[in-house]
Every structure is written in structure tokens, then in C-alpha cells.
Amino acid sequence: MTSIVKFEGIWGVGEETPHCYLLTVDDFTFLLDCGWDEKFDKSYVDRLARVLPRVDCVLISYPDPLHMGALPYLVGRCQLSCPIYATIPVFKMGQMFMYDWFQSHHNYDLVEHFTLDDVDSAFELITQIKYNQSIPMRGKGIGLNISAQPAGHMIGGSIWRILKDGEGDIVYAVDFNHKKERHLGGCELDKISRPSLLITDAFNASYRQERRRHRDEKLVAQLQETCRNGGNVLIATDTGGRVLEMTHMLEQMWSTRESGLAAYSLCILSNTGYHVIHFAKQM
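Computed from a prediction, not measured in an experiment: that's the story for all the values here.

How each quantity is defined
Residues numbered from 1 in each chain as written. Predicted model: local features only at pLDDT ≥ 70, side-chain atom pairs only at ≥ 80, totals over all residues. Heavy atoms only, no water. Helix = DSSP H or I, 4+ residues; strand = E, 2+ residues; numbered from the N terminus. Rg over C-alpha atoms; globule rule 2.2 N^0.38 Å. Contact = heavy atoms within 4.5 Å. Areas by Shrake-Rupley, 256 points an atom, 1.4 Å probe, with all protein chains shown as cover. UniProt positions renumbered as here; feature names shortened; annotations may be inferred. Buried < 20%, exposed > 50% of the residue type's maximum accessible area, 1.4 Å probe, protein only. Lys, Arg positive; Asp, Glu negative; His and termini not counted. Salt bridge = Lys/Arg side-chain N within 4 Å of Asp/Glu carboxyl O. Axes fitted to C-alpha atoms, helices over the stretch in contact; angles between N-to-C directions. Parallel < 35°, antiparallel > 145°, perpendicular 65-115°, else oblique. Left-handed = near helix turned anticlockwise from the far one by under 90°. Nonpolar A, V, L, I, M, F, W, Y, C, P; charged D, E, K, R; others polar. Core = buried A, V, L, I, M, F, W, Y, C linked by side-chain atoms within 4.5 Å. Pairing = 2+ DSSP bridges.

**Comments concerning the overall build of the protein chain**
Looking only at helices and strands, the protein chain features eight helices and eleven strands. Whereas a compact globule of 283 residues would reach a radius of gyration of roughly 19 Å, the protein chain reaches 20 Å, a difference of no more than 12%. Reported as C-alpha extents along the three principal axes, the dimensions of the protein chain are approximately 65 × 45 × 35 Å. For the protein chain, restricting intrachain contacts to residue pairs at least 6 apart in sequence, the fraction spanning at least 24 positions comes to 68%. When the accessible surface of the protein chain is totalled, it reaches about 15200 Å², and 49% of it is carbon and sulfur.

**What to know about the UniProt feature "domain: Metallo-beta-lactamase" (unreviewed entry) in the protein chain**
UniProt's feature table lists "domain: Metallo-beta-lactamase" (unreviewed entry) at residues 22–197, given in the numbering used throughout. Taken end to end, residues 22–197 is 27% helix and 25% strand, and its two terminal C-alpha atoms sit 14 Å from one another.

**With respect to the side chain of Asp 100**
Mapped onto the elements of the fold, Asp 100 is located in helix α4 (residues 88–106). Among buried charged residues, Asp 100 stands out as having no salt bridge; its nearest opposite-charge side chain is Arg 242, 15 Å away. When residues no more than four places from it in sequence are discounted, the contact partners of Asp 100 are Thr 239, Ser 270, Asn 271 and Thr 272.

**Structural notes on the packing of helix α6 (residues 212–228) against helix α7 (residues 242–255)**
Between α6 and α7, whose axes approach to 12 Å, the crossing angle comes to 65 degrees. On the basis of the axis angle, α6 is roughly perpendicular to α7. At the point where α6 passes α7, the crossing takes the right-handed sense. Along the contact surface, α6 presents Arg 212, Asp 216, Leu 219, Val 220 and Leu 223, while α7 presents Glu 245, Met 249, Leu 250, Met 253 and Trp 254. Tallied by class, the residues present in the contact of α6 with α7 amount to seven nonpolar, no polar and three charged.

**A closer look at the nonpolar core**
Ranked by size, the top nonpolar core spans 38 residues in total, and within it Leu 31, Trp 36, Leu 48, Leu 71, Leu 74 and Leu 80 carry the most contacts. Secondary structure elements with two or more residues in this core: β1 (5–11), β2 (20–25), β3 (28–34), α1 (42–51), α3 (71–76), β5 (84–87), α4 and α5 (116–124). At six residues, the largest contribution of residues to this core is made by α4. When sequence neighbours within four positions are dropped, the list of residues in contact with Leu 71 reads Cys 34, Leu 80, Ile 84, Ala 122 and Ile 126. If you look at the next biggest cluster of nonpolar residues, it comprises 29 residues, including Leu 23, Val 171, Ala 173 and Ile 199.

**Looking at the sheet that holds strand β6 (residues 126–129)**
Taken in spatial order, the six strands make up an open sheet running β1-β2-β3-β4-β5-β6, and their pairing is mixed. Every other strand in the sheet has two partners, leaving β1 and β6 as the edge strands with one partner each. Here the strands of the sheet are splayed against their neighbours by 25 degrees on average, with no regard to which way each runs. Bridge count for strand β4 (residues 57–59) against β5 is two bridges, and the pairing is parallel. In the sheet register, Val 58 faces β5, and the bridge partner there is Ile 84. Of the strands in this sheet, β5 and β6 are in contact with α4, which crosses β5 at around 95 degrees.

Written out as C-alpha cells, the structure reads:
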């Protein structure tokens, strides 16, 4: 690859922090995700705000706050106005994540960093794309094309591929899951052949996951024991990502007569639970 490529980690390097990186190809700069933490750590966005004038395009990989949580702040308070790209499910579920995130904090504290109007303004700037759809960049980015490929992990999750005309490609792949799940297929790494640059993480590289059947059996046993002893079970999860896998699994458990769980009530407690399930069924 003859282009000059520079990669800079704003945060999300070396530890489990929100994802946010700058990728510059010649004179065109991509912002790869713009996550924020649950505590609204101002040092994150202050660091990002200093380099924001260089950003020509934003690529969002997943709909959760760890990948797009700072977007309403950047649009509402820092006047970010460049093109933003995400898949259709990331757009839909991202709205649910941001609404629920804001409301959950607003229920017990004042949210000073952004408003629901900022959330709406941010999503108005997002261009929704489909998997494998090639999008050409404009202006300084002429000759560059981007496309999203399935990443697993969350509905709409994306591995981003950046291709320069006549040269190699750059692949940005974080938090992907190569295994097929109940509601999602795995990522399609086999379709990516020897990129010029691969940007990825290795957070779970040494983790050996137990077989799904064994995990399910342990969960069912714990649910049965707790409910039969008169207890309640609260499973903490996210708004519109992993919650879909969890609800699919629990629905299967509740529909199995042998589990004996149908006698107990099952519900989702969320500010946006109804709409999350509604959008998921449409997709």
C-alpha cells in the first residue's frame, strides 16, 4: 500500500475502555467509533474534542455506549457535522441505547452533557447502509471506499473495510464474534483475505469459553432453584444488543415444559424494551 496511513488510539487501547480511534489515509481522517463510559468521564471527550476538527468521516461499529456513547455530545456540544455511517440495525438500536441511557441517568441525576434533542440531531446525521454496500468518499477522500461486513456480537455489528483504489484494504474489526448464536450468525472473517492493515483487539484471546449447552444447563438449574424457593431473578444486561440473545434464550427455556419455568412470570424492565423487541422483529 503506497498511501500514508496513520493510526492513533484516543482511548480503548491496552484496557477495557470505550472504543475511539483516528485513522488517517493520506489527508482523509476517519473516526472509528466514539464510545463513552457510564460515568461520563469528561477527560475522554475533552481529548477527542481537541482532534475533532481533523475528522472527515465517522464509522460506528456497534449501537452501545462503548462504541457510540459520545456521539450526541460531539454533535450537540462540539458541532460535529461530517458524514457518519452505520448499518440500519445499529441506527435503530443505537437510538434505543441512547434514549435508555439518558433516561436511566435522568431518573436519579441530572444529565448535563447532552439532551434528547442532541441524540435526535446526532442520528439525523447518520447515513444508514447495508452490509457489503460500497460507499465512495468525497472531497479529500476521493478514491476511498468503505463497506460494512457482519461482525456478530450485536445486531448490526460491523467490521469496517476501507479500500483505496488500486491499493490494498484496511480492516477495522473490534469486539467481533466468530461463533453463530441463536439470533445472529458469526462474523465473516473468511471473506477478508490478507488486508494491508488489520486493526483489531485481543481482549478475549486467552479466554476458553464453556460449551453453550453446559452454560444453559447451569443457568436453568439456578433459575429453577431460585424460583422454586420463592425468590426472584434479575439478569442485568444491555438495552438493545446482548439483551436480544438473552431474551431469545429465556423464551426457549420458558416454552420447554421440562424446565417447569412456565409457572413463573418473565418480563423485560427497560425504558425502551417494547420498541427494542419491535425493531428486532422487523429486522
